[in-house]
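Spelled out from the first residue to the last, the chains are:
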Amino acid sequence: MSIRHGLLALLERGPRYGSQLRTEFESRTGSTWPLNVGQVYTTLNRLERDGMVAQGGEDAAGHTLYTITDTGRAELRTWFEKPVDRTSPARDELAIKLAMAVGAPGVDIRDVIQSQRRHTVKAMQDYTRLKARALLAVEGGGARERDDVAWLLVLEQLIFQTEAEARWLDHCESRLIRLSAMATAGSPATAPTDPTAPVTPVAPTVPAVASVPASPAVSGAPAGPGAPSAPTAPGAPAS
């Protein structure tokens with residue numbers, strides 16, 4: 001995540017001090033990626049070193065204000081115009097976990113998948129509830145409408161992301177079941193054992209699935225009974 005470009009975008013609207021930038025950044029993104037003041041000031045120092053921001057005096061309360069420079073504006077324009085690079089994707093903990101679970105001693109990969117699926121579906125339901133609140137805030141208008149629209153876009157990205165993850169988990173389970181069935185069908189019941197022969201790895205055995213829970217639809221997904229509420233976005237109306 002590009003914190004530096006996010007801060008430049010906020011500074012383009014006018015001079016800001018560190019904690020003000022943190023508050024506005026979290027308001028715009030619904031605190032999805034919380035910042036601390038130290039992280040903000042460290043980033044501002046680097047931007048100042050690179051000539052993209054400059055200190056512009058103090059406000060009435062004595063806070064040091066930062067302003068964006070022409071170099072910073074040029075960098076911001078380039079960031080907006082350039083697509084996000086997907087050729088070197090960030091490491092995904094879930095993908096790494098499943099890759100390491102394949103053939104791991106004492107690990108039932110199907111249990112890992114089903115546990116993650118339950119968590120993913122719960123997150124999807126939470127995001128959907130927050131989306132409904134954000135839509136109400138946007139439709140109601142008001143002084144925070146810009147932040148409400150930004151938060152709505154972030155929420156919808158999270159919903160699409162969790163929906164895709166749920167589908168991928170379903171695919172992983174189906175793929176492992178098919179590979180396990182193929183390995184079982186291709187292995188003779190009684191074959192002579194040669195202790196000197198190299199061991200050929202086979203797909204991990206996956207227990208037969210009686211019923212794979214279907215992923216709920218994204219739009220209007222019902223909240224699970226007793227499910228804990230997701231963090232409420234700043235400015236979102238209370239439920």
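Details of the structure are given in the entry above.
What you see is a predicted model; the values in this text were computed from it and never measured.

Cut-offs and rules
Residues numbered from 1 in each chain as written. Predicted model: local features only at pLDDT ≥ 70, side-chain atom pairs only at ≥ 80, totals over all residues. Heavy atoms only, no water. Helix = DSSP H or I, 4+ residues; strand = E, 2+ residues; numbered from the N terminus. Buried < 20%, exposed > 50% of the residue type's maximum accessible area, 1.4 Å probe, protein only. Contact = heavy atoms within 4.5 Å. Areas by Shrake-Rupley, 256 points an atom, 1.4 Å probe, with all protein chains shown as cover. Axes fitted to C-alpha atoms, helices over the stretch in contact; angles between N-to-C directions. Left-handed = near helix turned anticlockwise from the far one by under 90°. Nonpolar A, V, L, I, M, F, W, Y, C, P; charged D, E, K, R; others polar. Core = buried A, V, L, I, M, F, W, Y, C linked by side-chain atoms within 4.5 Å. Phe/Tyr/Trp six-rings, centres within 6.5 Å; stacked < 30°, edge-to-face > 60°. Expected span 1.5 Å × (residues − 1). Salt bridge = Lys/Arg side-chain N within 4 Å of Asp/Glu carboxyl O. Pairing = 2+ DSSP bridges.

Chemist: What is the right way to look at the overall build of the protein chain in this model?
Modeler: The secondary structure content of the protein chain amounts to 7 helices and 2 strands. Counting from the amino terminus, helix and strand elements in the protein chain follow one another as α-α-α-β-β-α-α-α-α. For the protein chain, buried positions account for 32% of its 239 residues. The long-range share in the protein chain, meaning contacts at least 24 apart out of those at least 6 apart in sequence, stands at 65%. For the protein chain, the exposed surface amounts to about 14800 Å²; the carbon and sulfur share of it is 56%.

Chemist: Got a minute to help me understand the packing of helix α1 (residues 3-11) against helix α4 (residues 70-81) in this structure?
Modeler: A pair of packed helices is captured by two measures, namely the crossing angle of their axes and the spacing between those axes. Relative to each other, α1 and α4 sit at 115°, their axes nearing to 10 Å. Handedness of the α1/α4 crossing: left-handed. Two secondary-structure elements touch here, α1 through H5, G6, L8 and A9 and α4 through G72, E75, L76, W79 and F80. Residue composition of the contact of α1 with α4, by class: 5 nonpolar, 3 polar and 1 charged.

Chemist: What is the right way to look at the nonpolar core in this model?
Modeler: Looking at soluble globular proteins, one finds that nonpolar side chains tend to be buried together. If you look at the biggest cluster of nonpolar residues, it comprises 16 residues, and the most contacted ones within it are L7, L8, L11, L21 and L44. Listing elements by their share of this core, those giving two or more residues are α1, α2 (18-29), α3 (37-49) and β2 (64-68). Looking at which element gives the most residues to this core, the answer is α1, with 5 residues. Contact partners of L7, with chain neighbours within four places excluded, come to L21, V40, T43, L44 and L47.

Chemist: Teacher, can you tell me more about the packing of aromatic side chains here?
Modeler: How two aromatic rings sit relative to each other is given by the distance of their centres and the angle of their planes. Within the structure shown, the criterion is met by 2 aromatic pairs. With a centroid separation of 5.3 Å and 40° between ring planes, the pair formed by W79 and F80 is classed as tilted. Classification of W79 by relative accessible area gives partly exposed; the value is 34%.

Chemist: Got a minute to help me understand α2 in this structure?
Modeler: Turn by turn, an α-helix covers 3.6 residues, leaving residues three or four places apart pointing in a common direction. With 12 residues, α2 should reach 16 Å at 1.5 Å per residue; the first-to-last C-alpha distance of 17 Å fits that figure. Regarding α2, the residues found buried are G18, L21, E24, F25, E26, S27 and T29. Structurally, α2 contributes buried residues whose contacts are with α1, α3 and α7 (145-185). Positive phi appears at G30, one or two residues downstream of α2, with a value of about 65°.

Chemist: Would you mind showing me how to read helix α6 (residues 109-140) here?
Modeler: The end-to-end C-alpha distance of α6, which contains 32 residues, comes to 47 Å, matching closely the 46 Å that a straight helix rising 1.5 Å per residue would cover. Looking at the residues trailing α6, positive phi occurs at G141, about 70°.

Chemist: Would you mind going over the pattern of salt bridges with me for this structure?
Modeler: Should their charged atoms come close, side chains of opposite charge can pair. This structure, assessed with the given rule, holds 13 salt bridges. We note a salt bridge from D50 to R49, for which the minimum N-O separation is 3.1 Å. Linking E156 and K131 is a salt bridge whose minimum nitrogen-to-oxygen distance equals 3.6 Å. Pair noted here: E156 is in helix α7 and K131 is in helix α6, with a separation of 25 residues, a long-range link. For E156, a relative accessible area of 23% corresponds to the partly exposed category. Here the salt bridges do not stand alone but share partners, grouping R110, R117, D170 and E173 into one network.

Chemist: Would you mind going over the pairing of strand β1 (residues 53-58) with me for this structure?
Modeler: A regular strand places its side chains on the two faces of the sheet in alternate fashion. In this sheet, β2 lies alongside β1 in antiparallel orientation, the contact comprising 4 bridges. Within the sheet, the bridge partner assigned to Q55 lies in β2 and is Y66. Count of turn residues in the β1/β2 antiparallel hairpin: 5 residues, of which G62 carries a positive phi of about 90°.

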